[in-house]
Amino acid sequence: MRSPKDFFRPLAVGAPAPVREVPFRPSRMIHFFDPGNEKMAAKVPAIAPTVDVLLGNLEDAVAADRKEAARSGLVSIARTTDFGDTQLWTRVNSLDSPWVLDDLVTLVTEIGDKLDVIMVPKVEGAEDIHYVDRLLAQLEAKAGVQRPILVHAILETATGVANVEEIAGASPRMQGISLGPADLAASRRMKTTRVGGGHPGYLVREDPRGEDQPRATYQQDLWHYTIARMVDACAAHGILPYYGPFGDIRDTVACEDQFRNAFLLGCVGAWSLHPVQIDIAKKVFSPAPADVAWARKVIAAMGDGTGAVMIDGKMQDDATYKQCQVVARLADELAARDPELADAYAAAEKE
Ligand SMILES: CC(C)(COP(=O)(O)OP(=O)(O)OC[C@H]1O[C@@H](n2cnc3c(N)ncnc32)[C@H](O)[C@@H]1OP(=O)(O)O)[C@@H](O)C(=O)NCCC(=O)NCCSC(=O)C[C@](C)(O)C(=O)O
Ligand SMILES: [Mg+2]
C-alpha cells in the first residue's frame, strides 16, 4: 500500500497532478449513447445542451462486432462536437475483456483532453482502480493531457459491493460510483430478469386481519441495501454516488420513483438510457423549489447555525441547519448551470 504521503503524487513522470478534491459538477443524468450507432450519434449535438453528462458507451449493449466502430465513433464525435459545459464521459469495456486496453490507449491518446471521466465496469476491488490509475497516468503523460481524467466505478458484482469502501478510496481519481443492478443481480444469483427497479414478488404482507379478510402487500426496494452502502462509502471518501440504469423505458412512473428513492438517500444523479429519461432525472435530482425555499428560510432563521428555533411548528437546530445547507448548496450549484431552475428557485422564495 502506498504511504498516505504519496497518495497525491502523479503515478507517471509528466502526468498531471491528481485532484485533491472531486470538483462538484452537476451530473443529474449521465446520458448513454452508442457512438457506433449512426442514428444515435446524429442526435448527440442536439442532446448535449439538454444533459449534464454525455457518455459514449463502449461496453455492454454494444455488440462484439461493433466495438471498434463504437470506439472510433467516439473519437470522431469528441473531435467534432461542441459540448459547451456538458461533460463528456465514456464507459470502457471491462478489465478482463479483449477490448479495454485499446479503448484506454486510443481514447486517452486521441481525445484525452476532451474526456472528463472514464467509467470502469465490474470493478471488484482497489486493485482494479490501481491498474487503471497507473495506466491513465502513463497515457496522460504520453499524450500531454494537462488535467487528470477522473475514474468512475460501477458496482455490479457481489465482490465489488463487499469491497466498496476500498474502491471508493483507491485513488484521488475516484469521482464516483454507480449501481449496476443487472450484472449485480446475476453475480448475486438474484432471480430477477430486469435492469433495476422493484419486483412484485419482493414484498411484505400485512398481518392476518381475520377469516377471509384480504391482506395488503407492500412491494419493497431490492436495491436499498446496496444504494445505502454505496452512498456511505462515497460520502466517507468525498466522491459522488449515482443510481444506475432503469431498463423499463416505457414505465416512466416507476423510473421516477426509483430515481427519487436514490436522490433522497444521497445520490446526485442516475443514468438516462433513452431520451425520455432525461427530463425525469432532471426533475428528480434537482431539489424541489418549495424545499429550497424552506431550506433558505431555516438557514436565515438560524443565524450562525447553532441553538434551537421553532419554524411553522417544527424544531430547527444545528443538524437541520446542516441538512438545509445540503439542499441550498445543491440548488445553487444546479441553478448556476440551469437558468430555468434558477428562476423557479427565485420565484419559490418570493412566495
Ligand atoms: C433501449 C434502446 C435500445 C431503445 O431504442 P429504440 O430505437 O428501440 O427506441 P425508440 O423509442 O424507438 O427511439 C426513438 C429515437 O430515439 C433514439 N434514441 C434511443 N435511445 C437513444 C439514446 N440513448 N441516445 C440518443 N438517441 C436515442 C433512437 O435512435 C430513435 O431515433 P429515430 O427517431 O431517429 O429513429 C436504446 O434507447 C438504447 O440502446 N439505449 C442505450 C442502452 C444502453 O446504453 N445500455 C447500456 C447501459 S445499462 C447497463 O449496461 C446495465 C449495467 C449498469 O451494466 C448493469 O446493471 O449491469
Ligand atoms: Mg453491467
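Keep in mind the model is a prediction, meaning the values are calculated, not measured. Throughout, a residue's number is its position along its own chain's written sequence, starting from 1. All chains are assigned letters beginning at A, and all ligands numbers beginning at 1, according to the order in which they are written. Note on the predicted model: pLDDT of at least 70 is required for a residue's local features to be given, and 80 or more for side-chain atom pairs to be given and counted; whole-chain, interface and lining totals, by contrast, use all residues. Processing note: side-chain calculations cover all non-hydrogen atoms of the structure and skip hydrogens and water entirely.

Caption draft 1: The nonpolar core, seen in detail. Judged by nonpolar contacts, the single largest core of 69 residues is most densely connected at Leu-54, Ile-118, Ile-177, Tyr-243 and Phe-259. Top contributing element to this core by residue count: helix 4 (residues 126–143), with six residues. Note on contacts: a residue pair qualifies if any of its non-hydrogen atoms lie within 4.5 Å across the two residues. Not counting residues up to four positions away in its chain, the partners in contact with Phe-259 are Tyr-243, Gly-244, Phe-246, Ala-270, Trp-271, Gln-277, Ile-280, Ala-281, Val-284 and Phe-285. Note on terminology: a nonpolar core comprises buried Ala, Val, Leu, Ile, Met, Phe, Trp, Tyr and Cys residues joined through side-chain atoms within 4.5 Å. Type-normalised accessible area, obtained with a 1.4 Å probe on protein chains alone, sets the label of each residue: buried when under 20%, exposed when over 50%, and partly exposed for intermediate values. Comment: elements are numbered from the N terminus, with helices defined as DSSP H or I runs of at least four residues and strands as E runs of at least two.

Caption draft 2: Structural context of unusual backbone geometry. Here the phi dihedral of Lys-122 falls at roughly 55°; this positive angle occurs in a residue that is not glycine. In this fold, Lys-122 is placed in the loop between strand 4 (117–120) and helix 4. We classify Lys-122 as partly exposed; its relative accessible area is 22%. One non-glycine residue with positive phi stands out, namely Arg-189, at about 60°. Summarising the element assignment, Arg-189 is placed in the loop between helix 7 (181–188) and strand 7 (203–205).

Caption draft 3: Geometry of the pairing of strand 5 (residues 150–155). For strand 5, a buried count of six out of six residues is recorded, marking the element as mostly surrounded by other parts of the structure. By the convention used here, strands pair only if DSSP detects at least 2 bridges between them. Where strand 4 and strand 5 come together, four bridges link them in parallel fashion. Bridge pairing in strand 5 places Val-120 opposite Ala-153. Think of it like this: strands point away, you trace from the first strand over the helix to the second, and a clockwise trace means the crossover is right-handed. Read as a crossover between parallel neighbours, the route from strand 4 over helix 4 to strand 5 is right-handed.

Caption draft 4: Representation of the pairing of strand 2 (residues 53–57) within the structure. Among the five residues that make up strand 2, five are buried, leaving the element largely enclosed by the rest of the structure. Neither face of strand 2 is exposed, since Val-53, Leu-55 and Asn-57 on one face and Leu-54 and Gly-56 on the opposite face are all buried. In this sheet, strand 2 lies alongside strand 1 (residues 29–33) in parallel orientation, the contact comprising four bridges. The residue bridging Ile-30 from the neighbouring strand is Val-53, located in strand 2. Following the chain from strand 1 across helix 1 (residues 38–47) to the adjacent parallel strand 2, one finds a crossover that is right-handed. Bridge count for strand 2 against strand 3 (residues 87–91) is five bridges, and the pairing is parallel. In the sheet register, Gly-56 faces strand 3, and the bridge partner there is Thr-90.

Caption draft 5: Just the coordination of the magnesium ion (ligand 2), in detail. Coordination shells were defined by N, O and S atoms within 2.8 Å of each metal, extended to 3.2 Å for Na, K and Ca; water is absent from the atom set, which can make sites look incomplete. For the magnesium ion (ligand 2), the protein coordination sphere consists of Glu-156 (OE) and Asp-183 (OD), at 2.0 to 2.2 Å. On the criterion of sequence distance, the pair formed by Glu-156 in the loop between strand 5 and helix 5 (158–162) and Asp-183 in helix 7 is long-range, its members being 27 residues apart. With relative accessibility at 4%, the residue Glu-156 sits in the buried group. Residue class for Asp-183 comes out partly exposed when judged on its relative accessible area of 26%.

Caption draft 6: Structural view of the packing of aromatic side chains. Under the pairing criterion, centres of Phe, Tyr and Trp rings, with the six-membered ring standing for Trp, must be within 6.5 Å; the plane angle then separates stacked pairs below 30 degrees from edge-to-face pairs above 60, leaving the rest tilted. The tally for this structure, following the rule as stated, stands at six aromatic pairs. When the ring of Phe-7 is compared with that of Phe-8, the centres are 5.2 Å apart and the planes differ by 85°; the resulting orientation is edge-to-face. Since its relative accessible area comes to 24%, Phe-7 is described here as partly exposed. On the basis of relative accessible area, Phe-8 is assigned to the partly exposed category, the value being 26%. Here Phe-32 and Trp-271 contribute two aromatic rings whose centre-to-centre distance is 4.3 Å and whose plane-to-plane angle is 20°, an arrangement assigned as stacked. Pair noted here: Phe-32 is in strand 1 and Trp-271 is in strand 10 (residues 270–272), with a separation of 239 residues, a long-range link. Pairwise contacts between aromatic rings join Tyr-243, Phe-259, Phe-263 and Phe-285 into one cluster. It is Lys-67 that lies over the ring of Trp-99; its NZ or CZ is 4.9 Å from the centre. The ring of Trp-294 carries Lys-314 above its face, with NZ or CZ at 5.8 Å from the centroid. Geometrically, a lysine NZ or arginine CZ counts as sitting over a ring once it is within 6 Å of the ring centre and also within 35 degrees of the ring normal.

Caption draft 7: Structural context of the UniProt feature "domain: HpcH/HpaI aldolase/citrate lyase" (unreviewed entry) in the protein chain. UniProt positions are given in the numbering used here, feature names are shortened, and annotations may be inferred rather than shown by experiment. In this structure's numbering, the residues bearing the UniProt feature "domain: HpcH/HpaI aldolase/citrate lyase" (unreviewed entry) are residues 32–194. This span, residues 32–194, is 44% helix and 17% strand, and a straight line between its end C-alpha atoms measures 18 Å.

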